[in-house]
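Results of the structural survey
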Amino acid sequence: MIMQYIKHPSCIILAVSPANADLANSDALQLARLADPDGSRTIGVITKLDIMDRGTDARNFLLGNVIPLKFGYVGVVNRSQEDINFNRSVQDALAFEEKFFSTLPAYNGLAHCCGVPQLAKKLNMILLKHITNMLPGLKTRINAQLVAVAKEHAAYGDTVESAAGQGVQLLNILRKYCEAFSSMVEGKNRVSTDKLSGGARVHYIFQSIFVKSLEEIDPCKSITDDDVRTTIQNSGGPKGAMFLPEVPFEILVRKQIGRLLDPSLQCAQFIYDELIKISHGCLITELQKFPVLKKRMSEVVCSFLRDGLRPAETMITHIIEMEMDYINTSHPSFVGGTKVVELAKHEVLPPKTSTSLSGHKDGTIVGSEIQLTAERSQKSRAVFARDATRRATSEQASMEAGTSLTGGSQIRNSQVGGNSSSKLPSIIPLKEPPITLKPSETEQDATEVAIVKELIKSYYDIVRKSIEDAIPKAVMHFLVNHTKRDLHNFLIRKLYRENLLNELMRETDEVLIRRQRIQEMLEILKQAHRTLEEFPIEADNIEKGYNLTEHATGLSKIHGVSGDSTNGIYTSSPNCYPPHQASHMVL
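First things first, this report covers the structure right here in the doc. Predicted model, so just to flag it, every value in this text is computed and none were measured.

We now examine the sheet that holds strand β3 (residues 73-75). Ordered by their spatial adjacency, 3 strands build an open sheet running β1-β2-β3, and the pairing between neighbours is parallel. Unpaired on one side and paired on the other, β1 (13-18) and β3 mark the two borders of the sheet. Strand-to-strand twist in this sheet, taken as the mean axis angle between neighbours without regard to direction, amounts to 25°. Where β1 meets strand β2 (residues 42-47), 6 bridges bridge the pair, whose relative direction is parallel.

Written out as structure tokens, the structure is:
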């Protein structure tokens with residue numbers, strides 16, 4: 001049990017040993033050495049000096065010649081059992097002790113380490129020195145605790161029972177909540193240094209996730225050459241097209257624009273999720289004591305954000321549909337005409353062919369332009385005309401089919417004996433068209449496919465840039481800024497009702513108990529703060545408070561206790577202490 005106390009570094013150990021026993025074998029010193037091996041916080045107390053054998057004394061013990069200690073030794077003479085039986089007072093015992101040390105020559109010059117008053121003085125001076133060393137740090141810790149507890153006490157506030165007070169408290173909470181929400185979105189409150197939070201995450205979603213994802217999309221990745229070729233031939237109808245029609249381009253580019261709808265809606269959903277996270281991080285401490293209010297506010301805020309998400313998604317859908325409904329080929333950034341043909345030719349023709357066809361005319365005409373001019377003159381049509389090869393292929397196939405049919409007819413005629421009088425009608429059977437038809441591929445088709453793809457890429461880039469700018473604006477307007485503007489009024493309409501005040505503002509038992517403890521702790525810390533502020537002035541007079549001639553113990557008496565009492569209790573506090581400065585705090 002003793003070790004539980006003396007093992008602490010801040011504990012001063014009083015090792016009491018009788019003078020009529022061997023000090024080296026003292027149980028008290030041996031136990032103290034276990035907790036204080038270097039003896040830096042142990043005071044040796046030598047008792048029973050008055051019953052030592054005649055001719056012996058404890059001078060070597062008191063001088064520390066046997067077992068040295070940092071704080072030394074103090075010899076005392078306590079009341080004997082006989083003194084207690086005859087009710088000898090403490091004052092008389094101290095007088096006897098003083099007379100004992102003054103009459104024995106062995107203790108001359110050792111007045112500073114003899115007697116109970118000197119022991120009390122030594123203990124008080126050690127305590128004073130310890131407090132003086134610890135005082136700055138102690139003040140700092142108490143001030144820090146005082147600030148933290150005062151802040152927590154302010155967060156808990158006082159208990160409000162009236163309906164009017166509860167209404168005011170609810171309005172204040174709703175106002176602070178909305179202000180905290182807006183501050184977190186705008187990045188004006190609790191800026192984190194280790195990770196992105198609040199509005200910074202919204203900006204990251206817009207620029208680093210949404211925009212970057214759109215820029216990485218290849219507009220022609222999901223369109224094969226067969227898709228383009230089939231669309232071109234289907235748009236010609238039964239007659240076929242002499243020129244490359246606009247319909248395939250519009251059909252395919254609308255399909256690619258439609259692919260932008262899903263990532264745009266996902267972007268809005270991501271922002272919605274971020275706003276939900278921000279709402280959960282507002283006024284955590286203030287709402288902790290109102291669990292019902294916290295739950296209802298969470299439900300109302302989530303409902304409000306869902307209501308704001310719907311018009312944002314509707315607007316996003318309208319933006320994509322508007323881009324699909326009107327293909328503006330007159331846009332100044334759209335690449336068409338001869339320029340797109342040149343780009344397509346460069347993609348279709350091999351590099352060597354392009355080089356062999358290239359020539360110079362005054363250093364200004366390139367090979368692709370010469371080739372384009374030649375094609376126009378030979379085919380007598382615009383740059384998007386069909387190649388005659390396709391028609392030649394069709395004619396050749398028809399001729400082969402006709403030859404086959406004619407041969408068959410001749411065989412049948414020979415089988416009937418060559419009777420010219422029986423002229424049977426010639427039957428030409430046709431093969432049924434397959435269920436799925438694929439267009440034939442020619443050299444001109446490759447050029448047309450490349451042209452359509454270049455047109456899709458050019459227009460898709462225009463739409464993509466517009467979408468990258470319009471979608472964040474729609475989300476900010478219908479969802480983020482709408483929440484900042486109207487959330488406060490929405491919360492008041494849903495929650496500020498007289499029949500709900502008692503339920504919403506009801507605190508838990510844990511909160512009530514915690515508030516009471518915080519109030520008590522706050523009062524203790526305030527008292528400790530006042531005591532520490534007064535201590536330096538009093539500490540200067542502690543040394544002056546000792547007067548061995550004025551008082552038998554050398555210490556001043558406790559205020560209000562008579563010095564004539566046989567059971568008088570003495571304190572180490574100086575007589576200059578005012579009564580109102582007594583403190584019950586244990587340092």
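Our next topic: the packing of aromatic side chains. Counted according to the given criterion, the structure contains 5 aromatic pairs. For the pair Phe100 and Phe101, a centre-to-centre distance of 5.4 Å together with 75° between the ring planes defines the contact as edge-to-face. The burial state of Phe100 is the same as that of Phe101; both residues are buried. Look at Phe100 and Tyr107: their rings are 6.3 Å apart centre to centre, the planes differ by 40°, and that puts the pair in the tilted class. For Phe100, a relative accessible area of 14% gives the class buried. Using a relative accessible area of 5% as the deciding quantity, one classes Tyr107 as buried. Aromatic ring contacts, followed pair by pair, group Phe100, Phe101 and Tyr107 into a single cluster.

You can see Lys48 is positioned in the loop between β2 and α3 (59-62). Taking relative accessible area as the criterion, Lys48 reaches 43% and is therefore assigned partly exposed. Separated by 28 residues in the primary sequence, Lys48 and Val76 have C-alpha atoms spaced 7.4 Å apart. Apart from the residues lying within four places of it in its own chain, the contact partners of Lys48 are Pro18, Ala19, Asn20 and Val76.

Across all of its chains, the model carries 14 salt bridges by this definition. Put simply, Arg296 and Glu299 hold a salt bridge, and the shortest N to O gap is 4.0 Å. One end of the pair, Arg296, and the other, Glu299, are both in helix α13 (residues 291-325), 3 residues apart, so they sit about a helical turn from each other. For Asp461, the salt bridge goes to Arg464, with nearest N and O atoms at 3.7 Å. In this pair, Asp461 and Arg464 both sit in helix α18 (residues 443-495), 3 residues apart, roughly one turn of the helix.

Further remarks concern helix α2 (residues 27-35). Listed as buried for α2 are Leu29, Ala32 and Ala35. In a view along the axis of α2, the buried residues occupy a sector of 120°, so they form one face of it. In α2, the exposed residues that point more than 90 degrees away from the buried face are Asp27 and Leu34. Elements in contact with the buried residues of α2: α1 (3-6), β1, β2 and β3.

Of all 6 residues in β2, 6 are buried, a share of seventy percent or more. Going residue by residue along β2, you find Thr42, Gly44 and Ile46 tucked away on one face and Ile43, Val45 and Thr47 tucked away on the opposite face as well. Relative to β3, β2 runs parallel, the two being bridged by 3 bridges. Residue pairing across strands places Gly44 opposite Tyr73, the latter belonging to β3.

Another point: the side chain of Glu507. Tracing the backbone shows Glu507 in the loop between α19 (501-504) and α20 (509-539). Of the residues examined, Glu507 reaches a relative accessible area of 15% and is grouped as buried. Of note is the side chain of Glu507, whose polar atom sits 2.6 Å from the side chain of Arg515. When neighbours within four sequence positions are excluded, Glu507 is seen to be in contact with Lys289, Phe290, Leu512 and Arg515.

What follows covers the packing of helix α11 (residues 261-280) against α13. With their axes 10 Å apart at the nearest point, α11 and α13 run at an angle of 160° to one another. One finds that α11 runs roughly antiparallel with respect to α13. Relative to α13, α11 is oriented so that their crossing is right-handed. Facing α11, whose interface residues are Leu261, Ser264, Leu265, Ala268, Gln269, Tyr272, Leu275, Ile276, Ser279 and His280, α13 presents Ser298, Val301, Cys302, Leu305, Arg306, Leu309, Glu313, Ile316, Thr317 and Ile320.

Before going further, it helps to examine the environment of Leu196. Note that Leu196 resides in the loop between α7 (163-186) and α8 (199-215). Those residues in contact with Leu196 that lie beyond four places of it in its chain are Arg201 and Tyr204.

Cut-offs and rules
Residues numbered from 1 in each chain as written. Predicted model: local features only at pLDDT ≥ 70, side-chain atom pairs only at ≥ 80, totals over all residues. Heavy atoms only, no water. Pairing = 2+ DSSP bridges. Helix = DSSP H or I, 4+ residues; strand = E, 2+ residues; numbered from the N terminus. Axes fitted to C-alpha atoms, helices over the stretch in contact; angles between N-to-C directions. Phe/Tyr/Trp six-rings, centres within 6.5 Å; stacked < 30°, edge-to-face > 60°. Buried < 20%, exposed > 50% of the residue type's maximum accessible area, 1.4 Å probe, protein only. Contact = heavy atoms within 4.5 Å. Salt bridge = Lys/Arg side-chain N within 4 Å of Asp/Glu carboxyl O. Arc of directions from axis to C-beta. Polar contact = N/O pair within 3.5 Å; in protein donor to acceptor, adjacent residues only side chain to side chain. Parallel < 35°, antiparallel > 145°, perpendicular 65-115°, else oblique. Left-handed = near helix turned anticlockwise from the far one by under 90°.

The values reported here are purely geometric and, on their own, carry no functional implication.
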